[in-house]
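# Examining the three-dimensional arrangement
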Amino acid sequence: RKILTRCINAIDLSFEREDKKALNQMKIAKAVHQNLESQLEQYERLLGFAREKAVYLSETQDRDPKSLQQLVQKEVTVVSLLQELESRRRKICSERGFDEIAQEAGEFQQPLMQIKVQIKDLARDLGKINDRNKLLLGVSIKIVRKVIQAVKDLAFPEELTYSRIQKSSKVQSYNSVNLTA
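Residues numbered from 1 in each chain as written. Predicted model: local features only at pLDDT ≥ 70, side-chain atom pairs only at ≥ 80, totals over all residues. Heavy atoms only, no water.

Along its length, the chain carries four helices and two strands. Reading the helices (α) and strands (β) of the chain from amino to carboxyl end gives α-α-α-α-β-β. Expressed as a percentage of the 181 residues in the chain, the buried residues total 23%. Put simply, the chain shows about 13,700 Å² of open surface, and 53% of that area lies on carbon and sulfur atoms. (Helix = DSSP H or I, 4+ residues; strand = E, 2+ residues; numbered from the N terminus. Buried < 20%, exposed > 50% of the residue type's maximum accessible area, 1.4 Å probe, protein only. Areas by Shrake-Rupley, 256 points an atom, 1.4 Å probe, with all protein chains shown as cover.)

For the coordinates displayed, the defined rule picks out nine salt bridges. Notably, a salt bridge pairs R96 with E104, separated by 2.1 Å at the nearest N-O pair. Here E104 falls in the partly exposed class, since its relative accessible area comes to 29%. The residue D99 makes a salt bridge to K116 at a minimum N-O spacing of 3.2 Å. Of this pair, D99 sits in helix α3 (residues 98-103) while K116 is found in helix α4 (residues 109-155), placing the two residues 17 residues apart along the sequence. On the basis of relative accessible area, D99 is assigned to the partly exposed category, the value being 42%. One continuous salt-bridge network, built from bridges that share partners, spans E86, R89 and R90. (Salt bridge = Lys/Arg side-chain N within 4 Å of Asp/Glu carboxyl O.)

Counting 25 residues, the largest nonpolar core has A29, V32, L36, F98, I101 and L112 as the members making the most contacts within it. When residues of this core are traced back to their parent elements, those giving at least two are α1 (2-58), α2 (65-93), α3 and α4. Ranked by residues supplied to this core, first place goes to α1 with ten residues. Filtering out sequence-adjacent residues up to four positions away, I101 remains in contact with I28, A29, V32, C93 and R96. (Core = buried A, V, L, I, M, F, W, Y, C linked by side-chain atoms within 4.5 Å. Contact = heavy atoms within 4.5 Å.)

Residues I143, V147 and V151 make up a contiguous nonpolar surface patch of roughly 230 Å² in combined accessible area. Topologically, I143 is positioned in helix α4. You can call I143 partly exposed: its relative accessible area is 34%. (Patch = residues over 30% accessible without salt bridge, like charges linked within 9 Å, V, L, I, M, F, W, Y side chains within 5 Å.)

It is worth spelling out the environment of A105 at this point. By the element assignment, A105 lies in the loop between α3 and α4. A C-alpha to C-alpha distance of 6.4 Å links A105 and Q25, two positions 80 residues apart in sequence. Filtering out sequence-adjacent residues up to four positions away, A105 remains in contact with M26, A29 and L112.

Glancing now at α4. Each α-helix winds once per 3.6 residues, and so residues spaced three or four apart point in a common direction. Here α4 contains 47 residues, and its C-alpha end-to-end distance of 68 Å stays within 8% of the 69 Å for a straight helix at 1.5 Å per residue. Along α4, the residues that are buried comprise L112, I115, I119, L122, L126, I129, N133, L136, V139 and S140. (Expected span 1.5 Å × (residues − 1).)

Secondary-structure assignment places A54 in helix α1. On a C-alpha basis, the gap between A54 and L137 in space is 9.6 Å, while along the polypeptide they are 83 residues apart.

Okay, here's the thing in C-alpha cells:
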C-alpha cells in the first residue's frame, strides 16, 4: 500500500511538472504573440511613413523640408520602439528559437505563424518602398548638383575647369526616371 501511494504521488508530481511546463510554454507563446502583434503594428506605421515619404519625394512642388524632417523623426521613433520590442522578444525567448516556441505553443502555434508571415510581408513591402525612395533621393541629389554647377558656370564663366566641361550629351535614366537637367 505504501509503495502504491508513493507511485501515485510520483505520477501526480510528474503530471504537475508537465502541467507547469506546458503552462510556462503557453505563457511564453502568448507573450511572444503579444510582442509580435506590437511589432506588426509598428511596422505598419513605418510602412505608412515610407509611403508618405515616397509621395513627398516624387512631388515636384510644395516640398517643405520641415515636413520631411518631422516624418524622419517619426520614423526614428518607431524604429527605436521596434528595437526595444525585439529586445524584449529575445529576452522572452531566452535562447530558444521562434520555430521551437511555435511548435510548443499549442493553440498559439497558428496565430504565431500567421503573424510571422504578416511581418515578413510587411518587411518586404517596406524594403521595396525604401529602395524606391533611395532612388528618388539619388535622382534629386544629382539634379541639385547639376543646378548648382549650372549656377556656378553662369556666375563664374571664366573659371571653367576641365572637370566642369560636359563630356557627353547623353540623357541619363534611372529606372524610368529621365534626367535631362
